[in-house]
Amino acid sequence: MPDIHIDTDARGVVTFTIDRPRRRNALDSAAMSALADALGVVEVERGVRALVFRGAGGSFSAGRDLKEAADLAADRAMDQHAAWTDVFRRLRRLPFPSVAAVEGYAVAGGFTLAMGCDFVIAERGARFGALEMQNGFPAAVCTPILARLAPPRIGLELAMFGELVAAERLYEAGLVNRLADGAGGLAAAVAEFTDRIVSLDANAVRQTLETYRAAETMPLDQSLTLGLHLNQLLDAAGSFRKAGQAFAGKDGGA
């Protein structure tokens, strides 16, 4: 697949590596379409437990390839916009968590891609930013994602000013889950984090993702009803009985 390398390890963790280091891993039309198509494939693959995004050559992604965009015909530009938006629709549908492993720069569309993942692990020296605003246009896909993730005043500031922001600040704002020291530390942190995901029951992970995503846009009363119905289904499936029996066995052996 052009410029997107896909690897799956023995744990069922899939890694997408954006490999355009000479363009700071900027995404052209082919790379955007490849990402959308690859997400559609892994979404239905059995045994996948987590997805990791990373960039080659010490940087995550500089976002859209503006050199290509300058010469793109109108119909191809429309297709590119659709493919890019489809990446985030597909991310929201994945039945397993996605993790952005960020070092170097995650700016413009690279920032959007990182924020679109379920989790972000960043090297302390990483820099983020909605740099579209510095070119005189809004970060159109990133802005609604930030509106869901960030405290309102922080999210609006990030979207409005498009400044480079340190990983430390995003960690303090709750937009980065873990900080790591250096490339080696980042690799170790990602491995430890995905190990924790893989150690959990796959069905429980999927149900948690589905419930959390649905509850984000629901009034609390409706989301509590969603939780009630899930508990009833779990009870009918015998989940609570099995857990109780397992607990009693451990307690009896103590």
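Description of the structure in this document. (Residues numbered from 1 in each chain as written. Predicted model: local features only at pLDDT ≥ 70, side-chain atom pairs only at ≥ 80, totals over all residues. Heavy atoms only, no water.)

## What about empty space enclosed by the protein?
The full count for this structure, using the stated rule, is one cavity of 30 Å³ or more. There is about 50 Å³ of room inside the largest cavity. Residue lining of the largest cavity: Glu157, Leu158, Phe161, Gly162, Glu163, Val165 and Arg169, and that is the complete set. Counting residues per element, the lining of the largest cavity draws most heavily on helix H6 (residues 152-161), at three residues. Taken together, the residues of the lining of the largest cavity break down into three nonpolar, one polar and three charged. (1 Å grid on protein atoms, 1.4 Å probe; cavity = no way out; pocket = protein on both sides within 12 Å on 5 of 7 lines; lining within 4 Å. Points joined across faces, edges and corners; volume = space filled by probe spheres on them. Helix = DSSP H or I, 4+ residues; strand = E, 2+ residues; numbered from the N terminus. Nonpolar A, V, L, I, M, F, W, Y, C, P; charged D, E, K, R; others polar.)

## Description of the side chain of threonine 17
Residue position: threonine 17 is located in strand E2 (residues 13-18). Since its relative accessible area comes to 8%, threonine 17 is described here as buried. Contact partners of threonine 17, with chain neighbours within four places excluded, come to Asp3, Ile4, His5, Arg54, Gly55 and Ala56. (Buried < 20%, exposed > 50% of the residue type's maximum accessible area, 1.4 Å probe, protein only. Contact = heavy atoms within 4.5 Å.)

## Some thoughts on helix H5 (residues 142-149)
Every buried residue belonging to H5 is among Cys142, Ile145 and Leu146, and all of these are buried. An end-on view of H5 places all buried positions within 100° of arc, on one side of the element. Residues of H5 that are exposed and point over 90 degrees away from its buried face: Ala147 and Arg148. Where the residues of H5 are buried, they touch helix H3 (74-93), helix H4 (109-116) and H6. (Arc of directions from axis to C-beta.)

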